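# Tertiary structure, described
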Amino acid sequence: MILRTTNSRTTRPAVRKVRTTTALRPLHHRLDPAAVEEIPFRATDGVRLGLTRIDSGEADRPAVLLLHGHTASADMFLLPETRNLVDVLLDDGYEPWLLDWRGSCRLPYNETGQKYTYDDVALYDIPEAVSHIRQRIGDRPLFVVAHCIGSLTLSLSMAAGLVPGLAGVVSQGVFLTPKLAGRTSLRMSVAGELLKSRIDHIPVDFRKVGFWSKYTPLFALASRKASCPDPTCQILHNSAWGTGASLFVHEHLSEATHNRLAELLGPAPLWILPHLRRIELARSVVRWHDGDHRYRALPQNALDAAGRIDTPVLLLAGSENGLWLDSQKLCHDVLARRQPQLDVAYTEIPGYGHLDTFLGRGAALDVFGHILDFLGKRR
């Protein structure tokens, strides 16, 4: 294990600095700044979110809302070092919109601040962003491309009937039927119980926590049998925040993207694990809040309410997804049996993992064409 750090017992700060402001970290992109409209946006429960519109210069384009995964951010769709999804959408005649929901690493909530569950994302963040976009675009078609937990929570919003009338949805990685490897589920359960009294999140940037910290054993465990010497890569690619899963196919990342992993993916909060464990055990997206009337708009089980989905859906997944395994194929098969009237298709990307379907240097050639084909048939 190689741990790159300059901290020592004598030089490390006495108090670890954390972000406490809800101001969003600036987006990292190569677009004309005049084309990037950052929209002040709060959910109705008072939580500050991020909503960004990319101005295409044309007023009649279909809109596409992009939803990142948990601990990622809108940056995952804007990589300046490669041809990214926003580039492709702009060139193909779409107007991209990007939501930084409360699980974004551009916001501080995963590390400090108000705790939340995925119910909050499904009830507040996504429907209210969709409503705001529709106020701006009028009758133009609105699509959604969603990744990982962004897709999972979107499925709960859709099953609740909170985002009706979308022109189409591309779901990457997981949708209505989450499925983790047995060891990942076990580690998630054990880690949640053993660590909840000691830490409230798992960081990814070893340079910030230093060698002499309570997180060092987690990085050491993640480094076992790792081929890459970078601690951030180890805890993501080799361990997925300690769960033993893998988030991407390593060789698909460019050197520049690899060096930015600590910026692209942030700390994972441990207090979200109870909801995630309940979802995984049910093999469906289930509501966390049973006694709180504010969440009654959400179904107890999204799969049981899937008949309310009124939108064509493309289930997309890499064949080497080391996190959610074959969740998308499972979802397609289950919906074909239980809800045959739904317009649901499944596409597998050979050789790709989970995050590299968007972050990979070849994603524009290997992945994005499937997205454009799906959108193009429904615009």
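Structure: above.
This structure is a prediction, so every number in the text was calculated from the model and none was measured. (Residues numbered from 1 in each chain as written. Predicted model: local features only at pLDDT ≥ 70, side-chain atom pairs only at ≥ 80, totals over all residues. Heavy atoms only, no water.)

What follows covers the overall build of the chain. Along its length, the chain carries 14 helices and ten strands. Across its three principal directions, the C-alpha atoms of the chain cover 60 × 45 × 40 Å. Looking at the chain residue by residue over its 379 residues, the buried ones come to 60%. Of all intrachain contacts in the chain linking residues separated by at least 6 positions in sequence, the fraction that spans at least 24 positions is 76%. (Helix = DSSP H or I, 4+ residues; strand = E, 2+ residues; numbered from the N terminus. Buried < 20%, exposed > 50% of the residue type's maximum accessible area, 1.4 Å probe, protein only. Contact = heavy atoms within 4.5 Å.)

With that settled, the discussion passes to the packing of helix α2 (residues 118-137) against helix α3 (residues 149-159). It is at 9 Å that the axes of α2 and α3 come closest, and there the two elements cross at 80 degrees. It follows that α2 is roughly perpendicular to α3 by the angle criterion. Contacts between α2 and α3 involve Y118, D119, V121, A122, I126 and P127 from the first element and I149, G150, T153, L154, L156 and S157 from the second. Among the residues forming the contact of α2 with α3, the class breakdown is eight nonpolar, three polar and one charged. (Axes fitted to C-alpha atoms, helices over the stretch in contact; angles between N-to-C directions. Parallel < 35°, antiparallel > 145°, perpendicular 65-115°, else oblique. Nonpolar A, V, L, I, M, F, W, Y, C, P; charged D, E, K, R; others polar.)

Below, the discussion takes up the pattern of salt bridges. In the structure shown here, the tally under the stated rule is 24 salt bridges. R278 is the partner of D290 in a salt bridge, and the nearest nitrogen-oxygen pair spans 3.7 Å. With D290 in the loop between α10 (273-282) and β9 (313-318) and R278 in helix α10, this residue pair connects regions lying twelve residues apart in the sequence. Overall, R278 belongs to the partly exposed group, its relative accessible area being 32%. Residue R338 pairs with D304 through a salt bridge whose shortest N-O separation is 2.8 Å. Here R338, found in helix α11 (residues 327-338), pairs with D304, found in the loop between α10 and β9; they are 34 residues apart in sequence, far enough to count as distant. Note on R338: relative accessible area 43%, which makes it partly exposed. Taken together, the shared-partner salt bridges in this structure form one network comprising E37, R53, D55, E95, R136 and R140. (Salt bridge = Lys/Arg side-chain N within 4 Å of Asp/Glu carboxyl O.)

Moving on, we come to the sheet that holds strand β2 (residues 48-54). Within a beta sheet, neighbouring strands are joined by backbone hydrogen bonds and run either parallel or antiparallel to one another. Read across the open sheet, the eight strands follow the order β1-β2-β4-β3-β5-β6-β9-β10; overall the sheet is mixed. Since the sheet does not close on itself, it has two edges, and those belong to β1 (36-42) and β10 (344-349), each with one partner. Each adjacent strand pair in this sheet contributes to an overall mean axis angle of 20 degrees, direction not counted. With five bridges joining them, strand β5 (residues 142-147) and strand β6 (residues 168-172) adopt parallel strand pairing. Across the sheet, the residue bridging to V144 is V169, located in β6. In the packing of α3 onto the sheet, contacts are made with β3 (63-67), β5, β6 and β9, and the angle to β5 comes to roughly 130 degrees. (Pairing = 2+ DSSP bridges.)

Applying the stated criterion to the full structure yields zero disulfides. Cysteine C228 remains unbridged, with the sulfur of C233 as its closest cysteine sulfur at 3.8 Å. (Disulfide = S-S within 2.5 Å.)

The next subject is the packing of aromatic side chains. Applying the stated rule across the entire model yields four aromatic pairs. Ring centres 6.2 Å apart and planes at 85 degrees place the aromatic pair Y94 and F143 in the edge-to-face group. One end of the pair, Y94, is in the loop between α1 (85-91) and β4 (95-100); the other, F143, is in strand β5, with 49 residues separating them in the sequence. Accessibility classification places Y94 together with F143 in one group, the buried group. Here the aromatic rings of Y116 and W271 are separated by 5.0 Å at their centres, their planes lie at 80 degrees, and the arrangement is edge-to-face. (Phe/Tyr/Trp six-rings, centres within 6.5 Å; stacked < 30°, edge-to-face > 60°.)

Moving on, we come to the side chain of H258. In this fold, H258 is placed in helix α8 (residues 255-259). For H258, the residues in contact, after removing those within four places along its chain, are C228, D230, C233, H250 and L253.

Following the sequence through the fold, A297 ends up in the loop between α10 and β9. According to the relative accessible area criterion, A297 is partly exposed, its value standing at 40%. Separated by 175 residues in the primary sequence, A297 and A122 have C-alpha atoms spaced 10.0 Å apart. Excluding its chain neighbours within four sequence positions, the residues that come into contact with A297 are L123 and A160.

Side chains on a regular strand alternate between the two faces of the sheet. As defined by bridge partners, β9 adjoins β10 across six bridges and the pair is classed as parallel. Along β10, the bridge assignment pairs G318 with I349. Note on the crossover from β9 through α11 to β10: the handedness is right-handed. (Right-handed = clockwise from strand over helix to strand, strands pointing away.)

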